[in-house]
Amino acid sequence: MKVDTPDPPSTPLPASILSQGPNLIVSIHAALDDEQLVRLQRELLDLVGRNRSRGVLIDVGALDVLDSFAARTLGDLAYMAGLRGARTVVVGIAPEVAMALVRLAMRLPLTQTALDLEEGLAWLGS
Amino acid sequence: MTQQDRSHQPQDVGSTMSDDHQTEDRRTEEDQTVEDQTVEDQTMEDQTMEDQTMDDQTVRRRGQDERGASDPAGEASQESRVRQDDDDALLPELVSHLRDHRTSLRQQWAERITQAHLLSSMTAQEVFTEATSVYDNYVEVLKTGSVQALKHYARDLSERIIPRGVETHEVVGIVLLLRDVLARSLFEKYREDFELLNRVLDAYEPAANRIANTVAVSFVEQRERVIRDQQDALLELSTPVLQVRERLLILPIIGVLDTPRAQQLTEQLLHSIRTHRAKLVVIDITGVANVDEAVANSLVDTVTASRLMGADVIITGLSSEIAQTLVTIGVDLSKMHTVGDLQGGIEEAERQLGFRVMKVPDEG
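Right, let's walk through the structure included here.

What counts, and where the lines are drawn
- Throughout this description, residue numbers start from 1 for each chain and increase along the sequence as written.
- As they are written, the chains are lettered A onward and the ligands numbered 1 onward, keeping that order.
- Totals for whole chains, interfaces and linings use all residues, but because this is a predicted model, local features are given only for residues with pLDDT of at least 70 and pairs of side-chain atoms are given and counted only at 80 or more.
- Between any two strands, pairing holds if DSSP finds at least two bridges.
- Here a strand is any run of E in DSSP of at least two residues, a helix any run of H or I of at least four, and the numbering for each starts at the N terminus.
- Every axis in this analysis is a line fitted to C-alpha atoms, fitted for helices over the stretch in contact. Angles between the N-to-C directions lie between 0 and 180 degrees.
- C-beta atoms are placed from the backbone for every residue, and two residues are taken to be in contact when these atoms lie within 7 Å.
- Residue polarity is assigned by list, with Asp, Glu, Lys and Arg as charged and Ala, Val, Leu, Ile, Met, Phe, Trp, Tyr, Cys and Pro as nonpolar; anything else, Gly included, falls into the polar class.
- A helix's residues, less one, multiplied by 1.5 Å, set its expected span.
- Counting other C-beta atoms within 10 Å of a residue's C-beta gives its exposure: the residue is buried at 20 or more, exposed at 12 or fewer, and partly exposed in between, where C-beta atoms are placed from the backbone.
- This arc corresponds to the set of directions leading from the helix axis out to the C-beta atoms.
- Call a crossover right-handed when, viewed with both strands pointing away from you, the route from the first strand across the helix to the second goes clockwise.

This paragraph deals with the sheet that holds strand β1 (residues 15–20) of chain A. Residue and element names in this part refer to chain A. Spatially, the five strands line up as an open sheet ordered β1-β2-β3-β4-β5, and their pairing is mixed. Each edge of the sheet is formed by a strand with only one pairing partner; in this case those strands are β1 and β5 (112–114). For this sheet the average axis-to-axis angle between neighbouring strands, irrespective of direction, equals 20°. Here six bridges tie β1 to strand β2 (residues 23–28), and the two strands are oriented antiparallel to one another. Within β2, the residue paired with Leu 18 across the bridge is Ile 25. Helix α2 (residues 68–83) rests against β3 (55–59) and β4 (87–91) of the sheet, and its axis sits at about 155° to β4.

Below is the structure:
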């Protein structure tokens, strides 16, 4: 599959992707807009294939808002990563964000969640 | 409490202000036409009030004469104005009548209250005492036309009698009885002169209605305030989130679980999950009287939100009735982990967390 190389991004993503052993750790520092979310999704899936990662951990602890698009993208991402052989866990959802997600009747289907980085890594390691 | 007081305040101020405006408007109208008259009227009114022994009729006739003599305006307008002034003078006259017959009317009223089986939770002595003060306040309001003092009194009265279990219909009933008793005594007094009786009633009825209205509204407001206070207290008592083992929380829910409470509870639980780094939560709903669809759904939401925070939830204490209800109304709890009672829930949670609790055999 030919991956069309995106234009050099004008702004770096406010998120870092770190490789830790067999896992990828994604830390989101600030709210992402839709375009950035899609970019993150593509980069991450790319990296999963390249690193042959077994697990993906996404830390959203810095976010105080998670809109429906972001929630769905994260859900999709978990599913896609699963298809490429990596388990995904979302960690650090703030209480307010959890309430909002539930109240908006949005689930994160097929997505494992954990309290924080430590818990997430423990789950990935198990 | 303070918040409710504040919310009531603007209403009160509004109504008093509009009342004042009305009286003021009328006053200015009068002032324009008969400036000198008003002064005379004032003195005349004062006289009537002070000199209670003097025959009312004479005073009024004298007032009319004086007005007729010094009034430069035309006949027709004079006629209506005289009536207007007369009506203003009627209330003080009424008041003095009610004052004169205070004892007998009050007695009559208290008897009517007993006959109607109102205020049955109070002793006859108490009824009579309250009746006296209500009567005096009533007459005072008729005299001054200001319901402000009555409002305070009604609030005090409500505070005193609500804990005694006095119902709204009783309070409204006694005020209407008083209104009735007084009206009857007016009929008695003016039955000779139908025209005059009509005018007396014109003056009396609005004031009496306003009083009845004020007392009833104050009573109901006071009642609602009590209910709201209790609701607030209930919400604050609410729900402790307790840690029983490392990373295990229990949340016993007692009472009525409605939407605002469910939300507050969820919020509290989620924050506790974060601070205690909980992995498991046992929610015990033994104390929840009634579980309907809304409650069940809010529980599902609580569980879902907790899962998003990485904590699993075990629900305990579903009674057989509640289980049957939930199945009958078709709430899907299949994704929830439920255990029979709190003990079972805690044991299950301990097992999942890797605790093993053992009884130590007694030494000796």
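Now that the structure has been shown, we can carry on.
Further remarks concern the interface of chain B and chain A. Contact with chain B, which involves 14 residues of that partner, is made by 13 residues of chain A. Contributing elements (two or more residues each) for the side of chain B that touches chain A: α10 (259–276) and α11 (293–308) of chain B. Here the residues of the side of chain B that touches chain A are counted per class, giving five nonpolar, four polar and five charged.

Turning to helix α1 (residues 34–51) of chain A, a few remarks are in order. Residue and element names in this part refer to chain A. For α1, built from 18 residues, the straight-helix expectation of 26 Å at 1.5 Å per residue is met to within 8% by its first-to-last C-alpha distance of 26 Å. Taken residue by residue, α1 has Leu 37, Leu 40, Leu 44 and Val 48 as its buried positions. All buried residues of α1 fall inside an arc of 65° around its axis, so they share one side. Within α1, the exposed residues directed more than 90 degrees away from the buried face are Glu 35 and Arg 50. Packing partners of the buried residues in α1 comprise β1, β2, β3 and α2. Once α1 finishes, Arg 52 follows within two positions and takes phi at roughly 50°, a positive value.

With that out of the way, let us pick up the pairing of strand β4 (residues 312–316) of chain B. Residue and element names in this part refer to chain B. Of all five residues making up β4, four are buried, and the element is well covered by its neighbours. Bridge analysis of strand β3 (residues 280–288) against β4 gives five bridges, and the strand direction is parallel. Paired with Asp 284 across the bridge in β4 is Thr 316. Bridge analysis of β4 against strand β5 (residues 337–339) gives three bridges, and the strand direction is parallel. Bridge assignment links Ile 315 to a residue of β5, and that residue is Thr 338. The handedness of the β4 to β5 crossover, carried by helix α12 (residues 320–329), is right-handed.

Consecutive side chains of a regular strand alternate in pointing toward one face of the sheet and then the other. Residue and element names in this part refer to chain A. The element β2 is extensively covered by neighbouring structure, given that five of its six residues are classed as buried. Here β1 hands over to β2 after two residues, with Gly 21 in that stretch at a positive phi of 55°. Pairing of β2 with β3, which is carried by five bridges, proceeds in the parallel orientation. Across the sheet, residue Ile 25 finds its bridge partner in β3, namely Leu 57. The β-α-β motif built from β2, the intervening α1 and the parallel element β3 has right-handed crossover chirality.

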